[in-house]
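Letter by letter, the chains look like this.
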Amino acid sequence: MYKRQVYKTSVMEVLGARIVLTDHDHAFAGRPPLEVRVRLTLGAAPTNAVVMVLHAKAGADGEDWDRRSAAADALKAYLDETWPDVPVWVIGDFNDDVDTSITAGRATPYAPLLQAGSAWSFPTSAISQAGIPSTVGYPDVIDHHLVSDEVMARYQPGSAEAYRLDDIVPRFGDTTSDHY
């Protein structure tokens, strides 16, 4: 079997992976987060960390917002309880913005994570505030990175960006993805 890695094996070792929050399947639109436990070697001492991939409920109506809000509540409770002192990245398609919702007249459904003090941060909120989209043909940032305070301590301010691959790949939105 052919196996290809998309990361440096000298820097990251995968320790295990599993689907989490399956009891909130409806809130996550049938695709609960994938949690990958890793060991990072970025210096002398290896560090255990967690990377989660999220693909939240799509759509801009009230029910879609309610489901994303319920998923955000479940995610925050899980992260606070399970990984309180571990570097954590939650990356993916949040299908909503973190400054204001794509659902007209609603606040972001990710408010519980934004109101968590320094425990959880969205470094990608700077992209949103700058008005830079993360998808082809949609004006808001719906793809985000949520990180723990352990990760944010190493974040280089202003380094989050959306790579405009449609400037490089012809017909990117038709042939590759609608997400940058």
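The structure presented is a predicted model; accordingly, all values stated were derived computationally and were not measured.

What am I meant to see in the sheet that holds strand β3 (residues 47–55) here?
Note: strands within a sheet are paired through backbone hydrogen bonds, in either parallel or antiparallel orientation. Ordered in space as β1-β2-β3-β4-β6-β5, the 6 strands form an open sheet in which the pairing is mixed. Each of the sheet's edge strands pairs with one partner strand only, and the pair in question is β1 (12–19) and β5 (120–121). Two elements, β3 and strand β4 (residues 88–93), share 6 bridges in a ladder whose sense is parallel. Within β4, the residue paired with Val51 across the bridge is Trp89.

I'm lost on a nonpolar patch on the surface in this one. Help?
Residues Ile19, Leu34 and Val53 make up a contiguous nonpolar surface patch of about 230 Å² in total accessible area. Take Ile19: it is sitting in strand β1.

Even after reading the chapter, I still don't get the environment of Ile132, so can you show me in this structure?
Turning to its location among the elements, Ile132 is positioned in the loop between α3 (125–129) and β6 (143–148). For the pair Ile132 and Leu34, spaced 98 residues apart in the sequence, the C-alpha separation amounts to 27 Å. With residues up to four places along the chain from it excluded, the contact list for Ile132 reads Ile127, Val141 and Ala162.

Explain the confidence of the model for the protein chain to me, please; I cannot follow it from the model alone.
Confidence in the prediction of the protein chain, expressed as mean pLDDT, is 93, and 98% of residues score 70 or more. Within the protein chain, no element has a lower average pLDDT than helix α5 (residues 172–175), which sits at 89, and none a higher one than helix α1 (residues 62–82), at 98.

Please explain unusual backbone geometry as it appears in this structure.
Only a minority of non-glycine residues have a phi that is not negative, and only a minority of peptide bonds are not trans. At Leu21, a position not held by glycine, the phi torsion is positive, near 60 degrees. Relative to the elements of secondary structure, Leu21 occurs in the loop between β1 and β2 (34–40).

Rules behind the numbers
Residues numbered from 1 in each chain as written. Predicted model: local features only at pLDDT ≥ 70, side-chain atom pairs only at ≥ 80, totals over all residues. Heavy atoms only, no water. Pairing = 2+ DSSP bridges. Helix = DSSP H or I, 4+ residues; strand = E, 2+ residues; numbered from the N terminus. Patch = residues over 30% accessible without salt bridge, like charges linked within 9 Å, V, L, I, M, F, W, Y side chains within 5 Å. Areas by Shrake-Rupley, 256 points an atom, 1.4 Å probe, with all protein chains shown as cover. Salt bridge = Lys/Arg side-chain N within 4 Å of Asp/Glu carboxyl O. Contact = heavy atoms within 4.5 Å. pLDDT = per-residue confidence, 0-100.

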